[in-house]
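Below, each chain spelled out in residue letters.
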Amino acid sequence: MLDRLLLNALALLVPPIGQACESTGSAPSAHALRALLLVDADGVERRLGEFAPGFARGETVVLAFTEVGCPIAGKLAPRLERLARDFGVEREGARGVRFLGIDASAQDSLAEIADDSAELGRTFPVLKDARQELARALGVRTTTEVFVFDGAGRLAYRGAVDDQYALGAARPEPTQSFLVNALNALAAGGTPAPAATEAPGCLLTILPEGELSAPVTYARDVAPILQRRCQACHRPGEVGPFALTSYDEAKGRAKMIASVVGDGVMPPWNADARFDGVFANERKLDPAEKQTLLAWVEGGMPRGDPADEPPPRAWPAGWSIGEPDAVFEPEYDMLAEKALPPEGYAVPREGVVDYQY
């Protein structure tokens, strides 16, 4: 009896979760959303329709909004992962539902999103809505809302995953599984009821469009800087210890790039800052270029649209400063013991090499 009273008291303390709200009738269709740009975990910016081909071939699609650090979003992540496995299109015996996570929070970087997914055991893709275009189009209110589109591309359900969690309160178990019920209703050819509920969670801050600058990308912003300032040395066959001529090369060295650029070690430029002027061959970064490189690494190293990448630079073969009019070979008569042999000098893999004339 006492246990029953305690449970009833707990139920009274938990605010109503997942209450029915306005219908989904005025929401945009999947067709209208397909062209919106999102960024994947590799930093590649592509259209939503490329991530959710089900919009074009009759699959049910679930867009699950999330946010790094939102307590309720973190608690719901394992549940959504299980549902993605039970209903997912790529699982054995699947029922044709594609799950996509969407992070539209301006402060979350791609690296933070990837770390969050790894910590929460989430394997379905989580995409960055960097310009908040998708969140704005759907009218997203919280970072736990899910949106279910049926095989015809119509929004069939929006709202809470279930009714277990609220801000500052929770039931031992959900009493209503809104998302599961919606998916089962669609699988049976029916219509979800309710079609819309309130989704408790962290409120999503939608920034004014003018404040949402395009994310720094490799294709548009970083590659031109690397060509101008770095590739003279960092390309195959040159003195740089590694190449920086492609996105994969730059991404793989991103942390090192941030370190040496932040410390002013690279590009190497030894002119005394007190008397530094303008030189034809200078490789130093200007403040805007330095800020761009550091912002790219901090933002998760997104690639952007590969079509925006500049064409490979044509580098001169042989003499980089032009063919000389004459070449004078020194004679080593007085330093015969240090003369470089005709076949060259074999550099050992370790140790110290005395100066070779």
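Residues numbered from 1 in each chain as written. Predicted model: local features only at pLDDT ≥ 70, side-chain atom pairs only at ≥ 80, totals over all residues. Heavy atoms only, no water.

Trainee: In this structure, what is going on with the packing of aromatic side chains? I would like to understand it.
Mentor: Pairs of aromatic rings are described using the distance from one ring centre to the other and the angle between the two planes. Per the counting criterion, the structure on display carries four aromatic pairs. When the centroid spacing of 5.7 Å and the interplanar angle of 70° are considered together, the rings of phenylalanine 65 and phenylalanine 147 count as edge-to-face. You can see phenylalanine 65 sitting in strand S3 (residues 60–66) and its partner phenylalanine 147 sitting in strand S6 (residues 146–149), a full 82 residues away along the chain. Both residues of the pair, phenylalanine 65 and phenylalanine 147, count as buried. Through successive ring pairs, a cluster of aromatic residues spans Tyr218, Tyr247 and Trp296. For the cation-ring pair, arginine 253 lies above phenylalanine 242, with the distance from its terminal atom to the ring centre recorded as 4.1 Å. Sitting over the ring of tryptophan 315, arginine 313 keeps its end group 4.2 Å from the ring centre. (Phe/Tyr/Trp six-rings, centres within 6.5 Å; stacked < 30°, edge-to-face > 60°. Helix = DSSP H or I, 4+ residues; strand = E, 2+ residues; numbered from the N terminus. Buried < 20%, exposed > 50% of the residue type's maximum accessible area, 1.4 Å probe, protein only. Lys NZ or Arg CZ within 6 Å of the ring centre and 35° of its normal.)

Trainee: Hey, could you run me through the nonpolar core in this one?
Mentor: Looking at soluble globular proteins, one finds that nonpolar side chains tend to be buried together. Of all hydrophobic cores here, the largest spans 26 residues; its most connected members are Val62, Leu80, Phe99, Val146, Leu179 and Leu183. Counting only elements with at least two residues in this core, the list comes to S3, helix H5 (71–87), strand S4 (97–103), S6, strand S7 (155–159) and helix H8 (178–187). With six residues, the single largest contributor to this core is H5. Apart from the residues lying within four places of it in its own chain, the contact partners of valine 146 are Val62, Leu63, Ala64, Leu80, Tyr157, Arg158, Gly159, Ala160, Val161 and Leu179. Residues Ala30, Leu36, Leu134 and Leu155 belong to the second largest nonpolar core, which totals 22 residues. (Core = buried A, V, L, I, M, F, W, Y, C linked by side-chain atoms within 4.5 Å. Contact = heavy atoms within 4.5 Å.)

Trainee: Explanation requested: unusual backbone geometry in the structure shown.
Mentor: A negative phi holds for most residues other than glycine; trans holds for most peptide bonds. Here alanine 193 and proline 194 are connected by a cis peptide whose omega angle stands at 0°. Backbone torsion omega between methionine 266 and proline 267 reads -10°, so that peptide bond is classified as cis. Note that proline 267 resides in the loop between helix H11 (254–262) and helix H12 (287–298).

Trainee: I'm lost on the layout of surface pockets in this one. Help?
Mentor: When its volume is computed, the second largest pocket comes out at roughly 350 Å³. Forming the walls of the second largest pocket are 16 residues, and the residues nearest its centre are Ala232, Asn281, Arg283, Trp315 and Ser320. Considered class by class, the residues forming the lining of the second largest pocket number six nonpolar, three polar and seven charged. (1 Å grid on protein atoms, 1.4 Å probe; cavity = no way out; pocket = protein on both sides within 12 Å on 5 of 7 lines; lining within 4 Å. Points joined across faces, edges and corners; volume = space filled by probe spheres on them. Nonpolar A, V, L, I, M, F, W, Y, C, P; charged D, E, K, R; others polar.)

Trainee: In this structure, what is going on with the pattern of salt bridges? I would like to understand it.
Mentor: Two side chains with opposite charge may pair up if their charged atoms get near one another. Taken as a whole, this structure holds 17 salt bridges when the rule is applied. Put simply, arginine 98 and glutamate 59 hold a salt bridge, and the shortest N to O gap is 3.3 Å. In this pair, arginine 98 sits in strand S4 while glutamate 59 sits in the loop between helix H4 (54–57) and S3, placing the two residues 39 residues apart along the sequence. You can call arginine 98 buried: its relative accessible area is 13%. On the basis of relative accessibility, which here comes to 12%, the residue glutamate 59 falls in the buried class. Among the charged side chains, a salt-bridge network with shared partners connects Arg141, Glu145 and Arg158. (Salt bridge = Lys/Arg side-chain N within 4 Å of Asp/Glu carboxyl O.)

Trainee: I would appreciate a short explanation of the environment of histidine 31 in the present structure.
Mentor: With respect to the element layout, histidine 31 can be found in helix H2 (residues 30–33). A sequence separation of 121 residues divides histidine 31 from alanine 152, and the C-alpha atoms of the two residues are 9.3 Å apart.

Trainee: Explain the environment of arginine 46 here, please?
Mentor: Inspection of the secondary structure assignment puts arginine 46 in strand S2 (residues 45–47). Distance from arginine 46 to proline 306, taken between C-alpha atoms, is 9.9 Å for residues 260 residues apart in sequence. Discounting residues that sit within four places of it in the chain, arginine 46 has contacts with Leu36, Leu37, Leu38, Asp40 and Phe51. Here the side chain of arginine 46 touches aspartate 40 through a polar contact of 3.4 Å, side chain to side chain. (Polar contact = N/O pair within 3.5 Å; in protein donor to acceptor, adjacent residues only side chain to side chain.)

Trainee: What should I look at first to understand H8 in this one?
Mentor: Residues lying three or four places apart along an α-helix face the same way, a consequence of the helix completing one turn every 3.6 residues. All of the buried residues in H8 are Phe178, Leu179, Ala182, Leu183, Ala185 and Leu186. On an axial view of H8, the arc spanned by its buried residues comes to 160°, and they lie on one face. For H8, the secondary structure elements touched by its buried residues are S3, H5, S4, S6 and S7. Immediately beyond the C-terminal end of H8, within one or two residues, lies glycine 189, with a positive phi of roughly 85°. (Arc of directions from axis to C-beta.)

Trainee: How do you make sense of the packing of H5 against H8 when you look at a structure like this?
Mentor: Between two packed helices, the angle of one axis relative to the other and the distance separating the axes together describe the packing. Orientation of H5 relative to H8, taken along the N-to-C sense of each, is 15°, at an axis distance of 12 Å. Regarding the angle of H5 to H8, the classification is roughly parallel. The crossing of H5 and H8 is right-handed. Counting all contacts with H5, which are made through Leu80, Leu83 and Phe87, the residues of H8 involved are Leu179, Val180, Leu183 and Asn184. (Axes fitted to C-alpha atoms, helices over the stretch in contact; angles between N-to-C directions. Parallel < 35°, antiparallel > 145°, perpendicular 65-115°, else oblique. Left-handed = near helix turned anticlockwise from the far one by under 90°.)

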